Structures are given as C-alpha cells and as structure tokens.
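If you want the building blocks of each chain, they are given just below.
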Amino acid sequence: MRVLLVHPAFPVTYWGFQHALPIIDKRATLPPLGLITMAAHLPPGAELRLVDLALTPLDDATVRWAEVVLVGGMRIQSPSMHAVIAQARALGRRTVVGGPAATTSPQEFADADVVFQGEVEGREDELAQALDGTLSGLRPARETRPELAATRLPRYDLLDLGAYCSMSVQYSRGCPFRCEFCDVIEIFGRVPRVKQPAQVLAELDQLYALGWRGTLFLVDDNFIGNRREVARLLPELEAWQKQRGMPMSIYTEASVDLASEPELLRGMVAAGFGAVFLGIETPSETALRDAGKTQNLRLGPAQAVAILARAGLEVMSGFIVGFDSDDAAALRAQRAFLAAAPIPLAMVGILTALPGTALWKRLSREGRLRTAGEGDTHVRPNFVPRMNEAELLDGYADLMTEVYCEDAYLKRCLAHLALAPVPQGRVRAGGLRIGARALWRLGVRGRRRRLFFGLLAASVQKSPAFISWAIEKAIQGEHLIRYTLEDVVPRIRAAAVEARAAQLPLPHTLPVLSEAG
Ligand code: SF4
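Per chain, the residues get numbers from 1 upward, laid out in the order the sequence is written. In view of the model being predicted, local features appear only for residues whose pLDDT reaches at least 70, and side-chain atom pairs are presented and counted only at 80 or more, with totals across whole chains, interfaces and linings using the full set of residues. Side-chain metrics in this entry use all non-hydrogen atoms of the structure; hydrogen atoms and water are not considered.

With that settled, the discussion passes to the packing of aromatic side chains. Here a pair means two rings of Phe, Tyr or Trp (six-membered ring of Trp) with centres within 6.5 Å. Their orientation is stacked below 30 degrees between planes, edge-to-face above 60, and tilted elsewhere. Applying the stated criterion to the full structure yields twelve aromatic pairs. Consider the rings of Tyr171 and Phe223, whose centres lie 5.6 Å apart with planes at 55 degrees: the pair is tilted. With Tyr171 in the loop between β7 (167-169) and β8 (172-173) and Phe223 in the loop between β10 (214-218) and α9 (227-243), the pair connects residues that are 52 residues apart, well separated along the chain. Exposure is judged per residue with a 1.4 Å probe applied to protein chains only, and the accessible area is read against the type maximum: over 50% gives exposed, under 20% gives buried, and values in between give partly exposed. We classify Phe223 as buried; its relative accessible area is 1%. Following the ring pairs from residue to residue traces out a cluster consisting of Tyr14, Tyr404, Tyr409 and Tyr483. Seen from the ring of Tyr208, Arg213 lies directly overhead, with NZ or CZ sitting 3.5 Å from the centre. Secondary structure elements follow DSSP: runs of H or I no shorter than four residues count as helices, runs of E no shorter than two count as strands, and numbering proceeds from the N terminus. By the criterion adopted, a ring carries a charge over it if an Arg CZ or a Lys NZ lies within 6 Å of its centre and within 35 degrees of its normal.

Let us look at the site of the ligand. If even one non-hydrogen atom of a residue comes within 4 Å of a molecule or strand, that residue is called near it. The immediate surroundings of the ligand are formed by Cys175, Phe177, Cys179, Cys182, Ile185, Lys293 and Gln295. Think of it as three bins: nonpolar holds Ala, Val, Leu, Ile, Met, Phe, Trp, Tyr, Cys and Pro, charged holds Asp, Glu, Lys and Arg, and polar takes everything else, Gly as well. Residues that form the shell around the ligand fall into these classes: five nonpolar, one polar and one charged.

All right, on to a positive patch on the surface then. Residues forming no salt bridge and having over 30% relative accessible area are the ones grouped into patches, like charges within 9 Å of each other and nonpolar side chains (Val, Leu, Ile, Met, Phe, Trp, Tyr) within 5 Å. Working definition of accessibility: Shrake-Rupley area with a 1.4 Å probe, residue cover restricted to the visible protein chains. By definition, a salt bridge exists where a carboxyl oxygen of Asp or Glu is found within 4 Å of a side-chain nitrogen of Lys or Arg. Charged residues are defined here as Lys and Arg on the positive side and Asp and Glu on the negative side; His and the ends of the chain fall outside this count. Throughout, a charge is located at the NZ atom of Lys, the CZ atom of Arg, the CG atom of Asp or the CD atom of Glu. Together, Arg433, Arg437, Arg441 and Arg445 line one region of the surface with positive charge. Following the sequence through the fold, Arg445 ends up in the loop between α17 (429-444) and α18 (449-462). Look at Arg445 and you get exposed, because its relative accessible area is 59%.

What follows is about the pairing of strand β14 (residues 346-350). Within a regular strand, side chains alternate between the sheet's two faces. Counting buried residues in β14 gives five out of five residues, a clear majority hidden from the surface. Strand pairing is assigned whenever DSSP detects at least two bridges linking the two strands. Inspection of the sheet shows strand β13 (residues 314-321) paired to β14 by five bridges, in the parallel sense. Counterpart to Phe319 in the pairing with β14 is Val348. Crossovers are described as right-handed under a simple rule: with the strands pointing away from the observer, the path leading from the first strand over the helix to the second runs clockwise. Handedness of the β-α-β unit built from β13, helix α13 (residues 328-340) and β14 comes out right-handed.

An automatic or database domain assignment supplies the residue ranges for each domain. Taken domain by domain, the chain consists of domain 1 (2-139) and domain 2 (166-419). Between the C-alpha centres of domain 1 and domain 2 there is a distance of 26 Å. In this description, contact between two residues means that some pair of their heavy atoms is separated by no more than 4.5 Å. Every contact between the two is made by 17 residues of domain 1 and, on the other side, 26 residues of domain 2. When two parts are put together, the accessible area they lose, computed with a 1.4 Å probe and summed over both, is reported as buried area. Interface area, domain 1 with domain 2, both sides summed: about 1,700 Å², of which 67% is carbon and sulfur. The three residues of domain 1 that bury the most area against domain 2 are Tyr14, Trp15 and Arg75, which together make up 36% of that side's buried surface. Taken together, the links from domain 1 to domain 2 amount to three salt bridges.

To continue, consider the packing of α9 against helix α10 (residues 262-270). In this description, a line fitted to the C-alpha atoms serves as the axis of each element, helices being fitted only across the stretch in contact, and the angle between N-to-C directions of two axes falls anywhere from 0 to 180 degrees. The geometry of α9 relative to α10 is characterised by a closest axis approach of 9 Å and an angle of 30 degrees between their N-to-C directions. Viewed along their axes, α9 and α10 adopt a mutual orientation that is roughly parallel. At the point where α9 passes α10, the crossing takes the left-handed sense. For the pair formed by α9 and α10, the contact residues are Arg227, Val230, Ala231, Leu234 and Glu238 on the first element and Leu264, Gly267, Met268 and Ala270 on the second. Of the residues belonging to the contact of α9 with α10, the class tally is six nonpolar, one polar and two charged. Working definition: roughly parallel below 35 degrees, roughly antiparallel above 145 degrees, roughly perpendicular at 65 to 115 degrees, and oblique for all remaining angles. When the near helix sits turned anticlockwise from the far one by under a right angle, the crossing is termed left-handed; a clockwise turn instead gives a right-handed crossing.

On to the sheet that holds β14, then. In space, the six strands of this open sheet follow the order β7-β10-β11-β12-β13-β14, with parallel pairing throughout. Lying at the two open borders of the sheet, with one neighbouring strand each, are β7 and β14. Across the sheet, the mean angle from the axis of one strand to that of its neighbour is 20 degrees, orientation sign disregarded. With six bridges joining them, strand β12 (residues 273-281) and β13 adopt parallel strand pairing. From the neighbouring strand, Leu278 faces β13, where its bridge partner is Ser317. Helix-sheet contacts for helix α12 (residues 301-311) involve β12 and β13, and the interaxial angle to β12 is about 175 degrees.

So, on to helix α15 (residues 389-403). The first and last C-alpha atoms of α15 sit 21 Å apart over 15 residues, in line with the 21 Å expected at 1.5 Å per residue. For α15, the full list of buried residues reads Glu389, Ala390, Leu392, Leu393, Gly395, Tyr396, Ala397, Leu399, Met400 and Val403. Elements in contact with the buried residues of α15: β13, α13, β14, α16 (406-419) and α19 (467-503). A 3.5 Å cut-off defines polar contacts: any pair of N or O atoms within that distance qualifies, except that in protein one atom must be a possible hydrogen donor and the other a possible acceptor, and neighbouring residues in sequence count only when both atoms are side-chain atoms. Where α15 begins, the side chain of Asn388 points an oxygen toward the backbone nitrogen of Ala390, at a separation of 3.1 Å. Every helix has an expected span of 1.5 Å times one less than the residues it contains.

Right, dumping it as structure tokens:
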C-alpha cells in the first residue's frame, strides 16, 4: 500500500515564527510529530511519503503516486486539510483524516472517506482497514485510552531535519486539571499517561543518530502532569545529556504550579531544560476561579515567574482576554501585569470556546455560542461575551499594541535577563553563523536596530554567556513585533468595527409610498 502523509499548512501564527525563519535559514518551526507517530503504526509493508506543506506544496503527481492520503492537524489547519482532501478526491484517491481537529469535530470532515478519531495505539488493524478501504466513515475513539508503552518510535527518518528550528518528542498525554476552556483534557483525558524513560531515551537516541543537535520541544501539554513519573525521568535524561555533552536544549509546557516544586525544577534545569511555556492566562483571581484554573492561585503569577526565571527557566506564557468577569479594569490590570513581567514571549488570545470543552457546553446551555471557532484567537469571540464586545476588542487591540511595541518587548527581555542565572553552555558553530546573519539582517539592515543592540549590550554587561540568548530574543522579537503590528492588531481592530456595527439598531425600513400618495 502506498500512503501519502500530508501535514496541512498553518497560517502565520505566533508559534510559526514565519518572520524569523529566513534569518535563521529554516523553513518551519516544528515537525509534524503526530503524523510521524501515526506512520510508525502503519502496516509494515506500507510505502510512505511525507509532505509537510510548510516546506513544499502538494503537487498532483505526488498525490497520484499514493493509493491513500492521510492528513491530520489542528483546528487552525482545517482550511488546508479540506483543500488536501479535495485535491486527493479530485484525483480519485482515498482520504483518511485524523488528529486533534478530526477528534473534536468529526462532523466537519464529512468530505473525507474516513474520520479516524482519537489515538492510534492498539488500533493498528483498524487504521490499516481504514487505509485499504475495508472500513469507511467515522471511526470513533476508544473509550479506554491506551498506555503510552504501546507508542512506537516516531518515524523521524521521514523528516527533512534541517528544515526545522526544533525537533519534538512527546513524553506524556493528558493533564489532571480541569480548566474550563481546555480541550486537551477532552482529547487525552485527565489521567496523565507517560512513556517509560527508556522510550524517551530511545527517541533521543534516534534523533541523535540522525544528527540532530539543538532545540528540542517536549510537546506535552503539561509536562508535570504526573510528578512522580517525571521525577523518575529527569535523572535519566540528565545522564543521557551529560554523556553526550548536553546536545539538546529543551523546552516544554507545564502548569504554573511547577514553581512550587523545587526538586522538579532543579532536575529540569540539570537535564537541559532552558524554557517553559505556562498558561498564566490572567492575573484576575476571579476569572481564574471561574474558569476552574485554581492551580494558578497557589502562588501569585509574578512570584511564580520569578522563581522559574531565577532557577534558569525562561518563561513563555499564554494569556486570555474575554472571560465573563473581564471588564475595562481587568484589561487594565492585564496590561499592567504584562508591562512589568519578565516574559519576553507573551501570547495573548481572546477566549475561544473549543468544541467539546466544558466552556463550550456551558455557553451552549446559556445560548451564547455563535460558531464552532476556527482556532484563530485574534477575531471576534465565537460566543457572546459578557463585556461589551466592541469595548473588549478595542481593549484587546490596545493591549496587543502595547505588549509588542519595541520598548515593551525589550523591557520584558531585560527583566528576564536580570533574574536569569548565567548559563553554562558553550556557543555552537551553528550559533555563530546565525549570529552573523542576525547582525546583518537585524543589526545593520533592520528597522529595529535599537532593540538588537539594546539586547546585545545588556547581555554583554551581565555576561558574554548571554550573547546567543540576546540574538535569539532579537530574532524572535522580529517575528513577534511584526506579526502583532502588521497582522494581529489590524484584525482585532477590524473585528471591533464589525462588532460595533452589529450592535447598531437596524435602519428603519422606509414605508413604500403608494402611487396615489
Ligand atoms: S493546566 Fe493546561 S493542559 Fe491542564 S487542563 Fe489547564 S489548560 Fe489544559
């Protein structure tokens, strides 16, 4: 069987770093880990080709080569997924769709021959039959979620490794918390399942053997979901890294209460973790409590971020506006928090009710849902907000303009720098090349030279060991600032105009005058 795996395209997003990629001579941020994991579970005799639309377009000849096209991705990739399905069907090829979007919204993929919901482990026969045409239609997820011991080594060998900024490894699925807006717990459940340390190290061995050195994203939605197991993994990860001269610079996502776990923190830093993405969401305790995100209330967010930064983890964070309790004062508090936060990468989105979440169900009960949402968080909310919508969007646009003005970004970077311990790593050869390219494109020809040299000067003053960090922040800042000001803010402003127009009373219909007057 010839199977074509297609990773659909992303629009420009914060995580895509599209404005930064040319500076570092890369073509995409992250590889399609879900697809190469699926690939490992396909029948042994299957011939495989992988097309990542972030790297190359999908030509008809490649589709014709295949007997079946397997496509999978997230909600924000849905338009591209439908385009791939249409192209394959027009050429008479069978289509199978899977991944998070198909799992939470299977009804939206009626254009595919098979919708494969849920996880693949333990369902290899079912997947094979979906691919060969024995099974069609909706293949629902199993009630019992599989243990990750059953997960096979992802097919990293299918990737063009040099095209990506970072490699990805998954350690766990699921999260014990119950944040109302989160679809992770709907997809993967609230009992975190983990791979054994030997599995994780086997994946690292594979990447290392393929020549990968550098950034590694542990893609878990909450890396510390199962703390006992993480405590078992970290010493083994540390030993693996030390035996090879610390080749991987690791980052991950975790819940804010990581700051209350000094042993885990120490273990993560020793194992080569340098950054962590947190869902801080909002400084408003009311909003956090209403959303069920009570784990964020144990420590104040400023205190938690400072603890992590001092320990050696740079904090990236997601923020949300549009909670039911949000008002003009809450948006002002959000702005004040962000202005002082040592968080260079702060991503602020409007609250979205994702299908299947507790938020979705509540808003549906309250009659406030508008659309299924497309995974774009810089548009009108997909539900009727409590706050006046136009004022919410105006406040959101103002906040974004402020967060990514050059000075505010520089200030947040310097606030992190002030807290960060001096890193021990050495400069890599690739780092020197990237530094030279950044110097030319940002320091000589760029529009934000003040940011570039401001970061460089401050880092040199603290320690030359921060120079590569400063260059990285300048490169990331180029994307974050450009994307915010050229794309995000104009779209939010347009959404505010639309919301304001929708609030206006309809114009009176003029009475039709009869000819007789
Ligand atoms: S902590 Fe993160 S992953 Fe866990 S439920 Fe909350 S939002 Fe979801």
